[in-house]
Amino acid sequence: MLTQKHIDIVKSLAPLLDETGAALTDHFYNRMFLEHPDLKNIFNMSHQVSGTQKLALFNILAAYARNIETPQVLQRDVERIAHKHTSFNIKPEMYQIVGHHLTETLRELTGELFTAEVEEAWREAYLFLSESFINRERHLYADKGGQIGGWQDARRFVVKAIQQESELVKSFTFVPQDTGPVIDYKVGQYLGIKAQPPAHPYTEIRQYSLSDKPNGRSYRISVKRECNGVPGVVSNYLHDEVQVGDTIELHAPAGDFFFEDRKTPVVLISAGVGVTPMQAILEQLSADNYAQEVYYLHACENQHQHSFSDRTEQIAQQHDWQAYTWYAKEASAKAFYGMMNFEQVRLPYGQAHFYLCGPVGFMGFVKKQLLNQGVASNRIHYEVFGPHQDL
């Protein structure tokens, strides 16, 4: 049981966690993968190389140590991570493995500072945190498995259609191999894809935003071929290897970023492949004949990389909604030239809710513009592809 003494000790560890930082997470992952190499089939090894996964783990541990007396302030983090864990099919026993290696990492890095008293406090604190995740994930699994068309673990789907949306983006439509229905989702959420690329040593699990409104029969994702720096293992596999008729395993839709109808104007803002959840939201708003104003802002390199351009224009004209585009490297009669600039458009800053998706730098840039225009932070909602980062 977590006592006040335990809480005080864990809070005192916060500066130590800040000091050890990357060394702690590097040591932890190296230690855990050495003893449990099978976990490389669950963790995104590309994120291990880039360091983003390690940073995400460190951030949540440090935040927990600082806020252990008021864990409710971390509720949003717990919700986001719990959703992500269900798309990886994380089970309770995995928390025991992680907890063991975190404890041993602290012991090995801090030496005499990690006394029996500190270890007891850390174990109780970790147990409290892990149970928060396990309980929430248990509820999410039960909810997904209990609905008509729902399932737990992985389910086999067949690729029904592949559509080239732009120079770098392809859409993939999946139908269940068992021909049964599929559960609905909230537009903005993602789908977990389980893949084994040829000659690749690990099974890879990735999350891709659903790019269409739910229909109870199929799912559509739209995937950018990642070719800058280290090529995307799964994105290139999907683009180069997967064909219509192939089977692939999927985990049920998840995600804490989704559209909520607050009866206010809506502004959808995206860059690059961040357009995918925005397209799903736009399709849903169109199907619902949403009664409020809708604004759709998108930025990309050029017209060849502009996904869903014709469909977006069609919906905007149908409902008399406003759609604006910026091309960073090309002048066009249909788009502004350069970076997204809010001074070039008129938006309902005082009433609207704003949904953002794209590179972290882009979203930080947009959020700053919105805050400068007086938009309250609780009216700005965003999705980060990959491990979460604050803007």
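Here we summarise the structure given alongside this text. (Residues numbered from 1 in each chain as written. Predicted model: local features only at pLDDT ≥ 70, side-chain atom pairs only at ≥ 80, totals over all residues. Heavy atoms only, no water.)

The tally for this structure, following the rule as stated, stands at 18 salt bridges. Its salt-bridge partner being Glu 301, residue Lys 329 comes within 3.2 Å of it at the nearest N-O pair. With Lys 329 in the loop between strand S9 (322–327) and strand S10 (336–337) and Glu 301 in the loop between strand S8 (294–300) and helix H9 (309–319), this residue pair connects regions lying 28 residues apart in the sequence. Given the relative accessible area of 64%, Lys 329 is considered exposed. The network of salt bridges with common partners includes Glu 104, Arg 107, Glu 119 and Arg 123. (Salt bridge = Lys/Arg side-chain N within 4 Å of Asp/Glu carboxyl O. Helix = DSSP H or I, 4+ residues; strand = E, 2+ residues; numbered from the N terminus. Buried < 20%, exposed > 50% of the residue type's maximum accessible area, 1.4 Å probe, protein only.)

Here we have six strands laid out as an open sheet, ordered S10-S9-S8-S7-S11-S12, and parallel in their pairing. Of all the strands in the sheet, the pair left with one neighbour each is S10 and strand S12 (380–383). (Pairing = 2+ DSSP bridges.)

For helix H5 (residues 92–110), with 19 residues, the first-to-last C-alpha span of 28 Å sits near the 27 Å given by 1.5 Å per residue. Restricting attention to buried positions, one finds in H5 the residues Met 94, Tyr 95, Val 98, Gly 99, His 101, Leu 102, Thr 103, Glu 104, Thr 105, Leu 106 and Thr 110. Immediately downstream of H5, the backbone of Gly 111 shows phi near 60°, a positive value. (Expected span 1.5 Å × (residues − 1).)

What follows is about unusual backbone geometry. The phi angle at Asn 89 is positive, at roughly 60°, despite the residue not being glycine. Counting through the fold element by element, Asn 89 comes out in the loop between helix H4 (75–87) and H5. Residues other than glycine seldom take positive phi values, yet Asp 153 does so here, at roughly 60°. Within the secondary structure, Asp 153 sits in the loop between helix H6 (116–146) and strand S1 (155–164).

Under the criterion given, the structure shown has two cavities of 30 Å³ or more. Empty space within the largest cavity amounts to approximately 50 Å³. Its residues assigned to classes, the lining of the largest cavity shows three nonpolar, four polar and two charged. Taken as a whole, the second largest cavity holds about 30 Å³ of empty space. If you list the elements that add at least two residues to the lining of the second largest cavity, you get S8, H9 and S9. Grouping the amino acids of the lining of the second largest cavity by side-chain chemistry returns eight nonpolar, one polar and no charged. (1 Å grid on protein atoms, 1.4 Å probe; cavity = no way out; pocket = protein on both sides within 12 Å on 5 of 7 lines; lining within 4 Å. Points joined across faces, edges and corners; volume = space filled by probe spheres on them. Nonpolar A, V, L, I, M, F, W, Y, C, P; charged D, E, K, R; others polar.)

Our focus in this paragraph is the side chain of His 83. For His 83, the location among the structural elements is in helix H4. Among residues more than four places away in sequence, those in contact with His 83 are Arg 136, Leu 140, Gln 189, Tyr 190, Ala 254, Gly 255 and Asp 256. (Contact = heavy atoms within 4.5 Å.)

Considering all chains together, one arrives at 14 aromatic pairs under this definition. Through a chain of ring-to-ring contacts, the aromatic side chains of Trp 151, Phe 157, Tyr 185 and Tyr 219 assemble into a single cluster. Above the ring of Phe 258, the side-chain terminus of Lys 186 is found at 4.3 Å from the ring centroid. (Phe/Tyr/Trp six-rings, centres within 6.5 Å; stacked < 30°, edge-to-face > 60°. Lys NZ or Arg CZ within 6 Å of the ring centre and 35° of its normal.)

Take the nonpolar core next. Counting residues in hydrophobic clusters, the biggest one holds 45 residues, and the most contacted among them are Phe 28, Tyr 29, Met 32, Ile 90, Leu 102 and Trp 122. Contributing elements (two or more residues each) for this core: helix H1 (4–35), helix H3 (52–66), H4, H5 and H6. Per element, the largest residue contribution to this core is 12 residues, and it comes from H1. Excluding residues within four positions of it along the chain, Phe 28 makes contact with Leu 57, Val 98, His 101, Leu 102 and Thr 105. Of all hydrophobic cores here, the second largest spans 42 residues; its members include Phe 174, Val 234, Ala 280 and Cys 357. (Core = buried A, V, L, I, M, F, W, Y, C linked by side-chain atoms within 4.5 Å.)

Attention shifts here to the layout of surface pockets. Roughly 390 Å³ of internal volume is contained in the second largest pocket. Lining the second largest pocket are 17 residues, with His 306, Ser 309, Glu 313, Thr 325 and Lys 334 positioned closest to its centre. Every element with two or more residues in the lining of the second largest pocket is listed here: S8, H9 and S9. Of the residues forming the lining of the second largest pocket, the biggest block, six residues, is contributed by H9. Broken down by class, the residue content of the lining of the second largest pocket amounts to six nonpolar, eight polar and three charged.

Everything listed here is a matter of geometry and, on its own, says nothing about what the molecule does.
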